[in-house]
Number of protein chains: 2
Amino acid sequence: MIPESDYTRVLREHGIDKISQANIRQCVAVSKAMEPVLGEPFVHLEFGVPGLPACQYGIEAEKAALERGVPNTYANVAGEPFLKEAAARFVEAFLDIKVTPECCVPTVGSMQASYTLFLILSQYEKGRDTILFIDPGFPAHHTQVNILGIRAISFDIYNYRGQKMRAKLEEYLQSGRVCSIFYSNPNNPTWACLTDEELKIIAELADKYDALVVEDLAYLGMDFRKDYSKPFQPPFPPTAAKYTQRYMLLISASKIFSYAGGRIAIAVFSPRVFKFKTPLLKERYGLTDTFGGNYIYTYLYSSSSGTVHSTQYALAAMMNAAVEGKINFVEDMKEYGRRAKRCKEVFGKHGFYLVYDKDGDEPLSDGFFFTMGYIDPETGQPMECEKLLSRLMRCGICAITLNTTCSEQEGIRICVSKLSSDADYEKLDKRLEEFTKLK
Amino acid sequence: MIPESDYTRVLREHGIDKISQANIRQCVAVSKAMEPVLGEPFVHLEFGVPGLPACQYGIEAEKAALERGVPNTYANVAGEPFLKEAAARFVEAFLDIKVTPECCVPTVGSMQASYTLFLILSQYEKGRDTILFIDPGFPAHHTQVNILGIRAISFDIYNYRGQKMRAKLEEYLQSGRVCSIFYSNPNNPTWACLTDEELKIIAELADKYDALVVEDLAYLGMDFRKDYSKPFQPPFPPTAAKYTQRYMLLISASKIFSYAGGRIAIAVFSPRVFKFKTPLLKERYGLTDTFGGNYIYTYLYSSSSGTVHSTQYALAAMMNAAVEGKINFVEDMKEYGRRAKRCKEVFGKHGFYLVYDKDGDEPLSDGFFFTMGYIDPETGQPMECEKLLSRLMRCGICAITLNTTCSEQEGIRICVSKLSSDADYEKLDKRLEEFTKLK
């Protein structure tokens, strides 16, 4: 246990007033600085670093491309045809959504995809300048719109699940300024999965108010309550793309294929969106008047001249292997579900509870992330973020607070990526025991 | 020769009013559509696609990294330490400039570097919102500031070489709004190289008016009039970094190592700029208060979560091989110089002249690009861009006009990357012969 005086000293040394306002890197830095006082390593529950080996099909295909010398040539900024075809097939196999290869565009990770999409979404139509985030979500998306000076609004789904979501969305959409409804599904940090009912509401309202839905599917198929692992076979993960033509989907190789170092994803456009006429963009950039054409040749090209050439071979090979049933990327990921289940049990044993706990009537899936709260014995209310994380840090447990993840609830986000051995869980158990005894 | 009626029909079919306003992709599309009429392939002088094989040291190192499984992990967004060290050594070896590894940050090509730099440069200090381009330059830089809504001003160096540059720069800098002076050296499209005298003026004025110099060194060392190929040995290419601490340098692997498909470059910060205190950015993003820290953790992170992991090994290996004298990247590039010399001779034979022809008192270097004008026999003046390119296209020669490259002069840009065989030059010769006979 770390004495309070040491803890406050370390915070001060790092220029941090409140640990609940620190970002993930600052939390890590504080934990590293406190390890000498603790005398042993922290339990790291903050990092979302996939710990599985990269998909071997990707590595082999990329090596072969290097041997053929592809790095001497820029890849097509629209994506190499073989990858665009593989992506379209993948989308059909695992989402039951049909798009043409043209509509599948590789990006330098979903990070670049969202960054460039925010720009085109906020510029393509006069007066539509606002992104509506369904939160909690990936904090980087909020930073992106801040950097780009794009107007954004958001709400926390906690109190607006199911049919309640309709009125909440309409409250924002009625202004006519919303160009896009943006969310992750399953989401980081809560692992909540929007239900088919909710996605249908989103799609209906997107059509009604002419807003474009962007679904970040970084954790595609990883709602382990159903088996989404069989290509071209139901069940398929619910998606708004089933109910509207106003959609874009972001599919990243980082988690699905454990290929985060390859920085590659696919932005999938609904064929209708891809062909949207955008005279405003033609006027501004003089290039082309379609949404898809501008996305590729104006926004993506200017952002990085496209995506790494050899990595496109990797992603195509991995997608093809998944479509052909040679790998089961959902099964590979179930390890995270097993870890989450075990980790939740350890927390539960010490009185913690899931903050975001249900999708509709169903308990949440076990996955990469979950959220934990704790009733403060002094108040009988959920312990506030600041107090909760301060005490956990003093017991050698590092995490991030929910308020840094665009949530309005009290609690912490847990990521199970660093928990692999029995010893990790035993250590966590011991430290939570100490936490409950802290005065 | 293509009849005028066919030419105007093809333009109309492509929705192009004037070929001198078409971008490079449109010019290519027009040339492809006219090939059936011509009956044989065009001579392509528009594309800047390096035609040399990728540096083998890069390929081998990247393959080895893939074998070790690095794609499963995000690379450090600040760059992997081994690459940062290699880059700092490379900068010292080939520019005689000392920076710490910390100041060398990998990006997804220089395209991402300029994109992200424009953002931080225009945001880091209140009231400094304007980029000053020294043109002609890379048109994509102008598109980038347009996309980002950043104010930019520019001037064509044609009439402002040498000491004349001082007054011209001061004219713009006096407003106090200029955050950055941005240029490429050698530059695309003219292959003009700013002289030591000019770079000193830029540096002095950067200090006087507190503007940050950004030098895009995509073609580092490729001024073949001097031998810049020996690591740690003079002569070194002149750079403003010799005369001011307010600099950033962009070093791309695309041309130097023929590794364009790898999309990797290094943004090099002067140690002083890297440590700049930027309270405005701390306030806006809440992360850190240094220029370098914000560049990496706010702008680069949000743009793509850093650079591909395996490619960082490639670039480090290529930089190390160059520093250790195992490869001579300047010598490898001289092929382009030889092509330019020969190509200029063919054009000269038919009465064409170099538009941008001298750096100070010296004739321009032969390199990747050059500019060509032609006196219109009807007016005795330089033939206008529109007429010049229309006639060349009708003779089966594709290029882009200078007005699309931020130049105010009449003429075309020639890139020699596609000219490799004797037959290419003979075909060019024959077609220019036809051009001179066109009425």
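On a predicted model such as this, the values are computed, not experimentally measured, just so you know.

Engineer: Explain the overall build of chain A to me, please; I cannot follow it from the model alone.
Structural biologist: Looking only at helices and strands, one finds 16 helices and 15 strands in chain A. A compact globule built from 439 residues should have a C-alpha radius of gyration of about 22 Å, and chain A, at 22 Å, falls within 12% of that. Counting only C-alpha atoms, chain A reaches 65 × 55 × 45 Å along its principal axes. Long-range contacts, defined here as pairs at least 24 residues apart, represent 73% of the contacts in chain A between residues at least 6 apart.

Engineer: So what exactly am I meant to see when it comes to the domain arrangement of chain A here?
Structural biologist: When the parts of a complex come together, some accessible area is lost, and that lost area is often taken as the interface size. Residue and element names in this part refer to chain A. Examined at the domain level, chain A breaks down into domain 1 (4-52 + 332-437) and domain 2 (56-323). Computed from C-alpha coordinates alone, the two centres of domain 1 and domain 2 are separated by 30 Å. Contact residues are listed per partner, giving 26 residues for domain 1 and 27 residues for domain 2. Contributing elements (two or more residues each) for the side of domain 1 that touches domain 2: α14 (329-349) and β12 (369-374).

Engineer: Can you help me understand the sheet that holds strand β7 (residues 247-252) of chain A in this one?
Structural biologist: Backbone-to-backbone hydrogen bonds join strands into a sheet, with any given pair of strands oriented parallel or antiparallel. Residue and element names in this part refer to chain A. Reading across the sheet, the 7 strands line up as β2-β8-β7-β6-β5-β3-β4 and stay open at both edges, with mixed pairing between neighbours. Strands with a single pairing partner mark the edges of an open sheet, and in this sheet they are β2 (104-107) and β4 (151-156). Strand-to-strand twist of the sheet, defined as the mean angle between neighbouring strand axes without regard to direction, takes the value 20°. Here strand β5 (residues 178-184) pairs with strand β6 (residues 212-216) via 5 bridges, running parallel. What sits directly across from Tyr183, in β6, is Glu215.

Engineer: Help me out: how do you make sense of the sheet that holds strand β9 (residues 352-354) of chain A in this one?
Structural biologist: Residue and element names in this part refer to chain A. Overall, antiparallel pairing links the 4 strands, which are arranged β9-β12-β15-β14 in an open sheet. Both outer strands of the open sheet, β9 and β14 (400-401), are each paired with one neighbouring strand and no more. Relative to strand β15 (residues 412-415), β14 is paired through 2 bridges, and the arrangement is antiparallel. Directly across from Ile400, in β15, lies its bridge partner Arg413. Here α14 sits on the sheet in contact with β9, β12 and β15, set at roughly 5° to β12.

Engineer: Which parts of the structure should I look at to understand the relation of the copies chain B and chain A?
Structural biologist: For the pair of chain copies, the relating operation is a rotation around an axis with a shift along it. If you rotate chain B by 180° and push it 0.0 Å along the axis, it lands on chain A with an RMSD of 0.1 Å. What the superposition gives is, in effect, a two-fold axis relating one chain to the other. The position closest to the rotation axis in chain B is occupied by the C-alpha of Lys63 of chain B, lying 2.8 Å away.

Engineer: How should the environment of Ile251 of chain B be read in this particular structure?
Structural biologist: Mapping Ile251 of chain B onto the fold places it in strand β7 (residues 247-252). Non-local contacts of Ile251 of chain B, meaning those with residues more than four positions away in its chain, are made with Leu217, Leu220, Ala265, Ile266 and Val268 of chain B.

Engineer: What am I meant to see in the pairing of strand β15 (residues 412-415) of chain B here?
Structural biologist: The two faces of the sheet receive side chains in turn, since in a regular strand these alternate between them. All names here are of chain B. Because side chains alternate across β15, one face comprises the buried residues Ile412 and Ile414, and the other comprises Arg413 and Cys415, equally buried. Bridge count for strand β12 (residues 369-373) against β15 is 4 bridges, and the pairing is antiparallel. Bridging from a neighbouring strand, Met372 pairs with Ile412 of β15.

Engineer: Explanation requested: the interface of chain B and chain A in the structure shown.
Structural biologist: Contacts between the two partners involve 49 residues from chain B and, on the opposite side, 49 residues from chain A. Breaking the side of chain B that touches chain A down by element, the ones donating at least two residues are α3 (56-67), α5 (109-123), α6 (139-148), α11 (279-285), α12 (291-304) and α13 (309-323) of chain B. For the side of chain B that touches chain A, the element with the highest residue contribution is α12 of chain B, accounting for 6 residues. Split by residue class, the side of chain B that touches chain A holds 24 nonpolar, 21 polar and 4 charged.

Reading the values: the criteria
Residues numbered from 1 in each chain as written. Chains lettered and ligands numbered in written order. Predicted model: local features only at pLDDT ≥ 70, side-chain atom pairs only at ≥ 80, totals over all residues. Helix = DSSP H or I, 4+ residues; strand = E, 2+ residues; numbered from the N terminus. Rg over C-alpha atoms; globule rule 2.2 N^0.38 Å. Contact = placed C-beta atoms within 7 Å. Domains from an automatic or database assignment. Pairing = 2+ DSSP bridges. Axes fitted to C-alpha atoms, helices over the stretch in contact; angles between N-to-C directions. Least-squares fit on C-alpha atoms with pLDDT ≥ 70 in both. Buried ≥ 20, exposed ≤ 12 C-beta atoms within 10 Å, placed from the backbone. Nonpolar A, V, L, I, M, F, W, Y, C, P; charged D, E, K, R; others polar.

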